[in-house]
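# Fold and geometry: a report
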Amino acid sequence: MAVNEWEQLKLHLDKWVEECRETSAAGKVAEYIPELSKAKPDMLGIHILDAKGRSISAGEAQDSFTMQSISKVFTLILALMDHGESAVFSKVGMEPTGDHFNSIMKLELVQPAIPFNPLINAGAIVVSSMIKGENAEAKSARILAFFRELAGNPNLEYDMQVYISESKTAHLNRSIAYFLLDKGVLGCGVDEVLDIYFRHCAIKVCCADLARMALVLAFDGKDPLTGKTLIPRRYVQIAKTFMVTCGMYNGSGEFAIEAGLPAKSGVSGGILTLVPGRYGIGVVGPALNSKGNSIAGVQLIERLSQTLDWSLF
Ligand code: DON
């Protein structure tokens, strides 16, 4: 019963967070974006939000971090709302890769040369190039406004230090973008698309922001706290399916078995996940496992799901 479950969460969440925090020692904070290396490796926080607006949090849930790849779920949704399914999926595929998030290995293996899915870097860069707007600034402004609405937080902003840090060092993403430009898959120029992409990756959030965005997905596009429909149901269905099949990259299969929930990770250690029809959940733990997912965050979500029987499968 939901009431008992909430009581259980209130009773045990602090303890579960402290136990999972210990796993952080086996992970590593991302360093390839230099600014991310400043994160506290043993940080772990979680915020769970339900449709009545009740929330429960534990650990460093108030601390902020950048969305990184979590943003890719919502830029995909915005591109779908801008252009519809057939236009978007003529430029990006629907299949998992089994590779690391920034791998370029499979790009040359398919004809036409479109990225395998919208959650790997190559796919997300294509999606960013599809967002409507006169120029990079206007496109980024639309993305930020959409994210603010989903999070119910008009104060969401970019972390400019992370944005600059990634802009200066993203040689691999730059090479991916040039490859895509050469293949005619990009909807705009390389500098323009990378600026849009780095900006949405650098949007600063806390666990409560992620939980609120996840809650909208958990309720099929309707924000249960305002009653407003923000996303068409079909696009939420597409986004949640990608989260299950590709949201944790080459760790998605194991996560589906152990947690059984749609989820999306980012290299700053954030994870957005949800229990359909029930909760939106935001987690952060910057120490990552070998797949680029928060090591303690994954363990915490798997533990919650197994203890409270949340798996969809
Ligand atoms: O493009 C990058 O490398 C980062 N801005 C985002 C990558 C990311 O978050 C992958 N997630 N695990």
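Calculation criteria
Residues numbered from 1 in each chain as written. Predicted model: local features only at pLDDT ≥ 70, side-chain atom pairs only at ≥ 80, totals over all residues. Heavy atoms only, no water. UniProt positions renumbered as here; feature names shortened; annotations may be inferred. Pairing = 2+ DSSP bridges. Helix = DSSP H or I, 4+ residues; strand = E, 2+ residues; numbered from the N terminus. Contact = heavy atoms within 4.5 Å. Polar contact = N/O pair within 3.5 Å; in protein donor to acceptor, adjacent residues only side chain to side chain.

Looking at an unreviewed UniProt entry, the protein carries the name Glutaminase, with the source organism given as Paenibacillus phoenicis. Under the Subunit (unreviewed entry) heading, UniProt states for the protein: "Homotetramer." What UniProt records for the protein under Sequence similarities (unreviewed entry) is the sentence "Belongs to the glutaminase family."

### A look at the sheet that holds strand β6 (residues 203-205)
Read from one edge of the open sheet, three strands run β4-β6-β5, paired in antiparallel fashion. If you trace the sheet from one side to the other, it starts and ends with β4 (65-66) and β5 (157-158), each paired once. As judged from the two bridges shared by β4 and β6, these two strands associate in the antiparallel manner. When the bridges of β6 are listed, T66 appears paired with K204.

### Topic: the UniProt feature "binding site: substrate" (unreviewed entry) in the protein
Using the residue numbers shown here, the UniProt feature "binding site: substrate" (unreviewed entry) corresponds to S69, N121, E166, N173, Y197, Y249 and V267. With respect to the secondary-structure elements, S69 resides in the loop between β4 and α2 (71-83). With near-sequence residues (within four places) excluded, S69 lies in contact with N121, Y249, K264, S265 and G266. Assignment of secondary structure puts N173 in helix α7 (residues 171-182). With near-sequence residues (within four places) excluded, N173 lies in contact with N121, I125, E166, L194, Y197 and F198. A distance of 3.0 Å separates the side chain of N173 from the side chain of N121, its partner in a polar contact.

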